[in-house]
Amino acid sequence: MNVDRTARPGQPPVPPGPGALAHSRALRFWLDPANLAARLDQAGPVVRTRTGPATAFQVNDPALLRKVGSDEDTFRFWGPDPSLRDFAENGVVGIEGAPHRERRAVMRPAFTASRLISLGPRVQACTRRLLADLPADRPLDMRVEMSRLACGLLVSCILNSELAPDTLSKIADARSTLSGGIFWRYALAPWPWVPVPRRRACSRALTELDEAVDQVRARHRPDPDGQDLVSLLEAAAPGNPHVVQRDVRALLIAGMETSASTLAWACYELGRHPHYQQALRDEADAAPDTSRLQAHQLPLATAFFREVTRLHGIPFLVRRTRHQTRQGGVRIPAGAVVTLPLGALRRDRNRYPDPDVFDPERWLPHAEPSPAPAALLAYGLGPRYCPAAAAADAMLPVALATLASSRTLRPARPGRRIGVSLELTPTPKGLTMYATPCEPRLADTRPAPGANIVPRSGAASTEGGHA
């Protein structure tokens, strides 16, 4: 499979679609991985940083980063932090140590390879159903629409349930408020002056989330073998519905968050590089059975998501010290925030040629040099590694291929600068696009299985649109 990349460094780039990214001055250090990457070569293994009232210790050495991210004895994960108790409620993301490992073990049978095989067709059908409701005659806020898609896929394909359309819309609207509220509550934990309007908005969002959890459990459809996720959680806590309630709530928050962000950034890049929309559609049309897509049949869609994660994935992980420690020759006091700059590592020029260029082809099976997907750290690391990572890898390429085959995305305001929201997983703010239904393709014009997929027009942009 070949993707045209005629625009290379030193040649004129294709003008960007939705526009460059705009980071606010105060947030540039935290959110812009390019800015972080530029500082890594000059920085030591651990550097003290300060943004506003927040003091943090940034770990720059890759080996030390992995050590810190995996050391539960010295570092507390963000979820169990007391400042987030009303969000996590001791669900699976809000507990640690042996209880956390036990809950993860309970969920493991739901994500075996044999069960993941069935996800592709279910994701395809669910994506088509959710996209059918999108209006084609007005601009759409892709941050909200991709939250709706991510939540719908999670509830239908992972939790074996359904949400009423109005509930799904409420959760999609509330996701950003809830995510930003969690971020600010944690970041400002030593300074209890989170603005009252933000606290009230988060309280309303939590109420809507709890209503959705009630609906998920009421409409749950257990698998005959009892190995679906909700059935496993219920079997592990007989007679204790509150435990199941808080775990489903935690899974909704965590599962929707990263998927919604990744899908929204995928739309952003499709708008900047529209020739990939046709390439993705051609790849899906070349599958042996176009009605039962599987991620392994979609190397370009998989590569596209890996490149989206590389450029727009979680810019840093956060830990907080349990006690005073010394790391990289630097003394870190108890209770200090420690940041792990994953975004900077993903733009390391020693790992990735042209690291600021959006280039999915670097992840295709026969690319040279071939980067390791594990180096992306897309799902965290250590004991907090996402338990549903394999499910996400199976779902997202199929969802993207179905989106490209169903709708043509184009920016509502070409050239507009896109903001970056400060949330648990930063998402594009102000990204509005039209989603026009694709014209059906005649059977005799479909690509033959295994044919090379080459975009018909345009080249990958080398526009460095990251402020």
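These numbers come from a predicted model, not from an experiment.

What counts, and at which threshold
- Residues numbered from 1 in each chain as written.
- Predicted model: local features only at pLDDT ≥ 70, side-chain atom pairs only at ≥ 80, totals over all residues.
- Heavy atoms only, no water.
- pLDDT = per-residue confidence, 0-100.
- Contact = heavy atoms within 4.5 Å.
- Phe/Tyr/Trp six-rings, centres within 6.5 Å; stacked < 30°, edge-to-face > 60°.
- Helix = DSSP H or I, 4+ residues; strand = E, 2+ residues; numbered from the N terminus.
- Buried < 20%, exposed > 50% of the residue type's maximum accessible area, 1.4 Å probe, protein only.
- Lys NZ or Arg CZ within 6 Å of the ring centre and 35° of its normal.
- Lys, Arg positive; Asp, Glu negative; His and termini not counted.
- Salt bridge = Lys/Arg side-chain N within 4 Å of Asp/Glu carboxyl O.
- Polar contact = N/O pair within 3.5 Å; in protein donor to acceptor, adjacent residues only side chain to side chain.
- 1 Å grid on protein atoms, 1.4 Å probe; cavity = no way out; pocket = protein on both sides within 12 Å on 5 of 7 lines; lining within 4 Å.
- Points joined across faces, edges and corners; volume = space filled by probe spheres on them.
- Nonpolar A, V, L, I, M, F, W, Y, C, P; charged D, E, K, R; others polar.
- Axes fitted to C-alpha atoms, helices over the stretch in contact; angles between N-to-C directions.
- Parallel < 35°, antiparallel > 145°, perpendicular 65-115°, else oblique.
- Core = buried A, V, L, I, M, F, W, Y, C linked by side-chain atoms within 4.5 Å.
- Expected span 1.5 Å × (residues − 1).

Visitor: Let's hear about the confidence of the model for the protein chain: which residues, and what values?
Guide: For any part of a model where pLDDT is low, the fine detail of the predicted coordinates should not be relied upon. Residue-level pLDDT values for the protein chain average 83, and 82% of them are 70 or greater. Of the regions scoring below 50 in pLDDT, residues 1–18 engages in 59 contacts with residues more than four places distant in sequence or in other chains. Scored below 50 in pLDDT, residues 23–29 shows 14 contacts in the model against residues more than four places distant or in partner chains.

Visitor: Could you give an account of the packing of aromatic side chains, naming the residues involved and the relevant values?
Guide: With the rule as written, the count across this model stands at 6 aromatic pairs. Arranged with centres 5.7 Å apart and planes meeting at 70°, the rings of Y276 and F304 form a pair that is edge-to-face. Here Y276 is found in helix 13 (residues 275–285), whereas its partner F304 is found in helix 14 (residues 299–312), with 28 residues between them in sequence. Ring geometry for Y276 against F358: centres 6.3 Å apart, planes inclined by 90°, an arrangement best described as edge-to-face. Of this pair, Y276 sits in helix 13 while F358 sits in the loop between helix 15 (342–345) and helix 16 (389–406); the two residues are 82 residues apart in sequence, bridging distant segments of the chain. By the burial criterion, Y276 is buried, and F358 matches it. These aromatic residues form a ring-pair network of at least three members: Y276, F304 and F358. The ring of Y352 has R310 lying over it, and the distance from NZ or CZ to the ring centre is 5.2 Å.

Visitor: Help me get a handle on the side chain of R384, residues and values and all.
Guide: Looking at where R384 falls in the secondary structure, it is placed in the loop between helix 15 and helix 16. It is E72 that comes nearest to the buried, bridge-free R384 among opposite-charge side chains, at 4.2 Å. At 3.1 Å, the side chain of R384 and the backbone oxygen of V93 are in polar contact. Among all residues touching R384, those that are not within four sequence positions of it are E72, F77, P80, V92, V93, I95, E96, H100, R104, R319 and Y379.

Visitor: Tell me what's going on with the environment of V318, and back it up with residues and numbers.
Guide: You can see V318 is positioned in strand 6 (residues 317–321). A relative accessible area of 14% means that V318 is categorised as buried. In sequence terms V318 and V337 are 19 residues apart; their C-alpha atoms lie 6.9 Å from each other. Other than its neighbours up to four places away in sequence, V318 contacts W78, Y186, V337 and V338.

Visitor: Can you break down the layout of surface pockets residue by residue, with the values?
Guide: There is about 520 Å³ of room inside the second largest pocket. T309, L376, A378, Y379 and D393 are, among the 28 residues lining the second largest pocket, the residues nearest its centre. Mapped by element, the contributors of at least two residues to the lining of the second largest pocket are helix 12 (241–272), helix 14 and helix 16. Counting residues per element, the lining of the second largest pocket draws most heavily on helix 14, which supplies 6 residues. For the lining of the second largest pocket, the per-class residue count stands at 15 nonpolar, 10 polar and 3 charged.

Visitor: If you had to explain the packing of helix 12 against helix 14 to someone new, which residues and values would you point to?
Guide: Where helix 12 meets helix 14, the axes come as close as 10 Å, and the angle between the chain directions of the two elements is 100°. When the axis of helix 12 is compared with that of helix 14, the two are roughly perpendicular. Residues T262, L263, W265, A266, Y268, E269 and L270 of helix 12 touch helix 14, and the partners they reach there are F304, F305, V308, T309, L311 and H312. Looking at the contact of helix 12 with helix 14 residue by residue, the class counts come to 9 nonpolar, 3 polar and 1 charged.

Visitor: Describe the nonpolar core, with residues and values.
Guide: Ranked by internal contacts, the top residues of the largest apolar core, which has 102 residues, are I158, L159 and L229. Residue contributions to this core peak at 16 residues, all from helix 12. If sequence neighbours within four positions are ignored, L159 has contacts with L154, V216, H220, L229, V230, V248 and L252. Formed by 17 residues, the second largest nonpolar core is a distinct cluster that contains L65, V68, I332 and L345.

Visitor: Explain helix 12 to me, and be specific about the residues and the numbers.
Guide: Spanning 32 residues, helix 12 covers 47 Å between terminal C-alpha atoms, matching the ideal 46 Å at 1.5 Å per step. Most of helix 12 sits inside the fold, with 26 of its 32 residues counted as buried.

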